[in-house]
Amino acid sequence: MINDPVLINEWHVVGRSADLVEGQIKPARLLGEDLVLWRLNGQVMAWQDLCVHRGTRLSLGKVEADCLICPYHGWTYNNQGNCVRIPAHPDQAPPAKARVKVYKSQERYGAIWASLGEPSYDLPDLEEWQDPSYRTIISGPHPYHAHAPRAIENFLDMAHLPFVHEGYLGEPAQAEVNDYEAEVGPEGIIARDIRMWQPDPDGTGVGAIVSYTFRVFRPLLAHFCKEKYAAMLAVTPVDETHSIGWMMAGIQGREDVPEHALYDFQRLIINQDVPIVESQRPELLPLDLQAELHLRSDRTAIAYRKWLKDLGVTFGVA
């Protein structure tokens, strides 16, 4: 496990709820730790992917009679993680220490979230997921060969839209970013009324200036909203070199757009971001503000770097 006390005690997305059906087993990886996910009676379990007998991956096993069975010697674990049967010694009660490490998990916004530690906060309430006038989707996994803080900072950066997403979210000829403030408080970072011209912000084909509000709830959890559209990006720190992005979006109106087109658009935009993020040097996000040049359009990123430093985040940063 990667030793970052802040991120260990955070909630991270480890999969989509719809991808884990009853009785199914799926592997996942978080902060260098291999996990096995399985669903029983509607509840998701997230365990260390390790049989305590000979270290075999439990994700290679099967679910039977409400238990998870190791594929190597058939050791059988109940939904509390306790071994309840050893087939080679059926009359012997398994020792108390024959127990899988069980992690906290929950489901929200169409995602499975897990924590390797003890989260001191709950996930934020997203208005668009509670408002029936919004269509909601979760897009992912979107893999990055990069550290998670780099992906979050890219999400917060308005000035890249006219260039990386030319024709979709901006145009180089109208790349100006207005002056704005980014505030840090007990609930994270908020930057209001960041305006930029976009070629087709509402599906009518008519360009207009759009106002964004950004929030950073947790080190690897950020959100923006603009008129009739909102999205939260959760970036999962998989290991030392890989991250996975998950986008939870809400769209108001646009009932004429088929659902697959919404997913395709999310994938297109993130796939434009990925090579940029993967190319950035240094790979670790510099928290020393003297290490790179900054402009007023970078105020959200500056606040983000200062905030990570104050929180004590050590993974993915320099």
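Structure: above.
Summarised in this report is the structure supplied together with it. (Residues numbered from 1 in each chain as written. Predicted model: local features only at pLDDT ≥ 70, side-chain atom pairs only at ≥ 80, totals over all residues. Heavy atoms only, no water.)

Considering the packing of aromatic side chains
Tallying each qualifying case throughout the model produces nine aromatic pairs. Seen in terms of ring centroids, Phe155 and Phe214 are 6.1 Å apart; in terms of plane orientation they differ by 90°. Their pairing is edge-to-face. You can see Phe155 sitting in helix H3 (residues 148-156) and its partner Phe214 sitting in strand E14 (residues 208-218), a full 59 residues away along the chain. A relative accessible area of 3% places Phe214 in the buried class. Three or more aromatic residues joined by ring pairs make a cluster, and in this case those are Phe155, Tyr212, Phe214, Phe224 and Tyr229. Here Arg218 stacks its cationic end above the ring of Tyr121, 4.4 Å away from the centre of that ring. (Phe/Tyr/Trp six-rings, centres within 6.5 Å; stacked < 30°, edge-to-face > 60°. Helix = DSSP H or I, 4+ residues; strand = E, 2+ residues; numbered from the N terminus. Buried < 20%, exposed > 50% of the residue type's maximum accessible area, 1.4 Å probe, protein only. Lys NZ or Arg CZ within 6 Å of the ring centre and 35° of its normal.)

Quick notes on the nonpolar core
Judged by nonpolar contacts, the single largest core of 64 residues is most densely connected at Phe214 and Tyr304. Per-element tally for this core: the top contributor is helix H5 (residues 259-279), with six residues. (Core = buried A, V, L, I, M, F, W, Y, C linked by side-chain atoms within 4.5 Å.)

Details of the pairing of strand E12 (residues 182-185)
Relative to strand E13 (residues 188-198), E12 runs antiparallel, the two being bridged by four bridges. Paired with Ala182 across the bridge in E13 is Ala191. Adjacent in sequence and paired antiparallel, E12 and E13 are bridged by two residues. (Pairing = 2+ DSSP bridges.)

Thoughts on the pairing of E14
Two strands pair when backbone bridges link them, and E13 and E14 are joined in this way by eight bridges, in the antiparallel orientation. Bridging across to E14, Gln198 finds its partner in Ala208. Looking at chain direction, E14 and strand E15 (residues 221-226) are connected through five bridges and run antiparallel. When the sheet's bridge partners are listed, Arg218 is paired in E15 with Leu221.

As for the sheet that holds strand E2 (residues 25-30)
Taken together, the six strands give an open sheet; going across it, the order is E1-E10-E9-E4-E3-E2, and neighbouring strands pair in antiparallel fashion. Because the sheet does not close on itself, it has two edges, and the strands there are strand E1 (12-16) and E2. Strand-to-strand twist across the sheet, computed as the mean angle between neighbouring axes with direction ignored, equals 30°. Relative to strand E9 (residues 102-108), strand E4 (residues 43-48) is paired through two bridges, and the arrangement is antiparallel. Opposite Trp47, over in E9, you have Val102 as the bridge partner. (Axes fitted to C-alpha atoms, helices over the stretch in contact; angles between N-to-C directions.)

Notes on the environment of Gly205
Along the chain, the position of Gly205 falls in the loop between E13 and E14. Other than its neighbours up to four places away in sequence, Gly205 contacts Pro199 and Asp200. (Contact = heavy atoms within 4.5 Å.)

Section: the side chain of Arg108
Residue placement: Arg108 occurs in strand E9. At 3.1 Å, the side chain of Arg108 and the backbone oxygen of Leu123 are in polar contact. (Polar contact = N/O pair within 3.5 Å; in protein donor to acceptor, adjacent residues only side chain to side chain.)

Description of helix H6 (residues 299-311)
A rise of 1.5 Å per residue sets the reference length of H6, with its 13 residues, at 18 Å; its end C-alpha atoms lie 18 Å apart and thus fit the reference within 8%. Directly beyond the C-terminal end of H6, a positive phi value near 95° is found at Gly312. (Expected span 1.5 Å × (residues − 1).)

Quick look at the pattern of salt bridges
A complete count under the given rule lists 20 salt bridges for this structure. With a shortest N-O distance of 3.6 Å, Asp49 and Arg57 are connected by a salt bridge. Take Asp49: its relative accessible area is 4%, and that puts it in the buried class. A relative accessible area of 38% means that Arg57 is categorised as partly exposed. Between Asp125 and Arg108 there is a salt bridge whose closest N-O contact spans 2.3 Å. Taken together, the residues span a long stretch of sequence, with Asp125 in the loop between strand E10 (111-115) and helix H2 (127-130) and Arg108 in strand E9 at a distance of 17 residues. What makes Asp125 exposed here is its relative accessible area of 56%. Overlapping salt bridges bring together Arg29, Asp34, Asp49, Arg57 and Asp239 as one network. (Salt bridge = Lys/Arg side-chain N within 4 Å of Asp/Glu carboxyl O.)

A few points about the side chain of Thr236
Turning to its location among the elements, Thr236 is positioned in strand E16 (residues 229-237). Classification of Thr236 by relative accessible area gives buried; the value is 2%.

Focus: the packing of H3 against H6
The axes of two packed helices give the description: the angle between them and the distance between them. In contact at an axis separation of 9 Å, H3 and H6 are set at 150° when each is read in the N-to-C sense. It follows that H3 is roughly antiparallel to H6 by the angle criterion. Note on packing geometry: the crossing formed by H3 with H6 is right-handed. Two secondary-structure elements touch here, H3 through Pro149, Arg150, Ile152, Glu153 and Leu156 and H6 through Thr300, Ala301, Tyr304, Arg305 and Leu308. By residue class, the composition of the contact of H3 with H6 is six nonpolar, one polar and three charged. (Parallel < 35°, antiparallel > 145°, perpendicular 65-115°, else oblique. Left-handed = near helix turned anticlockwise from the far one by under 90°. Nonpolar A, V, L, I, M, F, W, Y, C, P; charged D, E, K, R; others polar.)

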